[in-house]
Amino acid sequence: MLRPMVVSALTMDPLTKNPIVILKEVDGERALPIRIGFLEAHAIASEMEGIQFSRPMTHDLLKNFLDLVKAKLERIEICDLKNNTYFALIRISHKNNEMAIDARPSDALALSLRVGAPIFVSDKLIKKSEITARGGEPEDKSETGKQWTEMLKSLDPEDFGNT
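For every chain, the first residue of the written sequence is number 1, and numbering continues from 1 along that sequence. This being a predicted model, a pLDDT of at least 70 is required before a residue's local features are given, and a value of 80 or more before pairs of side-chain atoms are given or counted; all residues contribute to the totals for chains, interfaces and linings. For the side-chain quantities, the full set of heavy atoms in the structure was used; hydrogens and water were omitted.

Caption draft 1: Summary view of unusual backbone geometry. A positive phi angle, near 60 degrees, is found at Lys 70, a position not held by glycine. A run of H or I in DSSP counts as a helix once it spans at least four residues, and a run of E counts as a strand once it spans at least two, with each numbered from the N terminus. Residue placement: Lys 70 occurs in the loop between α2 (58-68) and β4 (72-82). Under the relative-accessibility criterion, Lys 70 is labelled exposed at 71%. One non-glycine residue, Asn 84, lies in positive phi territory at about 65 degrees. Considering the arrangement of structural elements, one finds Asn 84 in the loop between β4 and β5 (85-94). For the exposure calls, accessible area comes from a 1.4 Å probe over protein chains only, and a residue counts as buried if that area is under 20% of its type's maximum, exposed if over 50%, partly exposed in between.

Caption draft 2: Main features of the pairing of strand β1 (residues 2-12). Here β1 pairs with strand β7 (residues 119-122) via 4 bridges, running antiparallel. Following the sheet pairing, Arg 3 is matched in β7 by Val 121. Whether two strands pair depends on DSSP finding at least two bridges between them. Here β1 runs beside strand β2 (residues 19-25); their pairing, made up of 7 bridges, is antiparallel. Each bridged residue has a counterpart across the sheet, and for Ala 9 the counterpart in β2 is Ile 22.

Caption draft 3: Representation of the packing of α2 against helix α3 (residues 105-115) within the structure. To get an axis, fit a line to the C-alpha atoms, keeping to the stretch in contact for a helix; angles then go from 0 to 180 degrees between the N-to-C directions. Packing of α2 against α3 brings their axes to within 9 Å, and their N-to-C directions diverge by 55 degrees. When the axis of α2 is compared with that of α3, the two are oblique. Between α2 and α3 lies a crossing of right-handed hand. Across from His 59, Asp 60, Leu 62, Lys 63 and Leu 66 in α2, the residues of α3 making contact are Asp 107, Ala 110, Leu 111, Arg 114 and Val 115. Here the contact of α2 with α3 is composed, by residue class, of 5 nonpolar, 1 polar and 4 charged. Any angle that is under 35 degrees is reported as roughly parallel, and any over 145 degrees as roughly antiparallel; angles of 65 to 115 degrees are reported as roughly perpendicular and all others as oblique. The handedness criterion is simple: a crossing whose near helix is rotated anticlockwise from the far helix by less than a right angle is left-handed, and one whose near helix is rotated clockwise is right-handed. For this analysis, residues touch if any pair of their heavy atoms sits within 4.5 Å. For this classification, Asp, Glu, Lys and Arg are treated as charged, while Ala, Val, Leu, Ile, Met, Phe, Trp, Tyr, Cys and Pro are nonpolar and the rest, including Gly, are polar.

Caption draft 4: Spotlight on the nonpolar core. In this structure, Leu 23, Ile 34, Ile 76, Ile 78, Ile 90, Leu 109 and Val 121 are the most contacted members of the largest nonpolar core, which totals 31 residues. Beyond its immediate chain neighbours, meaning those up to four positions away, Ile 78 contacts Leu 23, Ile 34, Tyr 86, Phe 87, Ala 88, Pro 105, Phe 120, Val 121, Ser 122 and Leu 125. Only buried residues count toward a nonpolar core, which is a set of Ala, Val, Leu, Ile, Met, Phe, Trp, Tyr and Cys residues joined through side-chain atoms within 4.5 Å.

Caption draft 5: View of the side chain of Glu 25. Turning to its location among the elements, Glu 25 is positioned in strand β2. Polar contact is the term for a pair of N or O atoms within 3.5 Å; when the atoms are in protein, one must be able to donate a hydrogen and the other to accept it, and sequence-neighboring residues count only if both atoms are side-chain atoms. Of note is the side chain of Glu 25, whose polar atom sits 3.4 Å from the backbone nitrogen of Glu 29. Contact partners of Glu 25, with chain neighbours within four places excluded, come to Arg 3, Pro 4, Met 5 and Arg 30.

Caption draft 6: Molecular detail of helix α1 (residues 38-48). All of the buried residues in α1 are Glu 40, Ala 41, Ala 43, Ile 44 and Ser 46. Its buried side turned inward, α1 meets β1, β2, α2 and α3. Downstream of α1 by a residue or two, Gly 50 has a phi angle that is positive, lying close to 70 degrees.

Caption draft 7: Highlighting the confidence of the model for the chain. The predictor's confidence in any single residue is recorded as pLDDT, a number from 0 to 100. Residues with a pLDDT of 70 or more make up 80% of the chain, whose mean pLDDT is 84. Note that pLDDT drops below 50 for residues 131-139; the model gives that stretch 14 contacts with residues more than four away or on any other chain.

Caption draft 8: A look at the environment of Asp 67. Topologically, Asp 67 is positioned in helix α2. A sequence separation of 48 residues divides Asp 67 from Val 115, and the C-alpha atoms of the two residues are 9.6 Å apart.

Structure follows, in structure tokens:
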């Protein structure tokens, strides 16, 4: 089952200094942190802040292409995790056909923010890294899961900026 989520925050991992996008359940308290690249973080942050550039960025170009061919981005799905790498699908409809395009979650999120498409995450991924806003215990007891828990506990609200 897929759960609706929103981009809640964009922050930096205090240990590695890499960007992290945090998705939060629409009707719940669970969150999913995903490490992303700097360019994708820039694309997400600029859209969240409403910054306009004189020339289109790659995600703007994709949005413009979808508009031009009258295709609709229906939703994105963060759907799998293999070897510490998240996978996403971009679900597009065009002339009564639905298509799924494999994508990095960061690119899918940047595009969904531009077109206002909903974001969904599979239950199995949420359960793998279950973290609640109330400070519940994560279900992921692996070393990686423990590191994420410690990192999230150490975050200062100031790290999140104006999101």
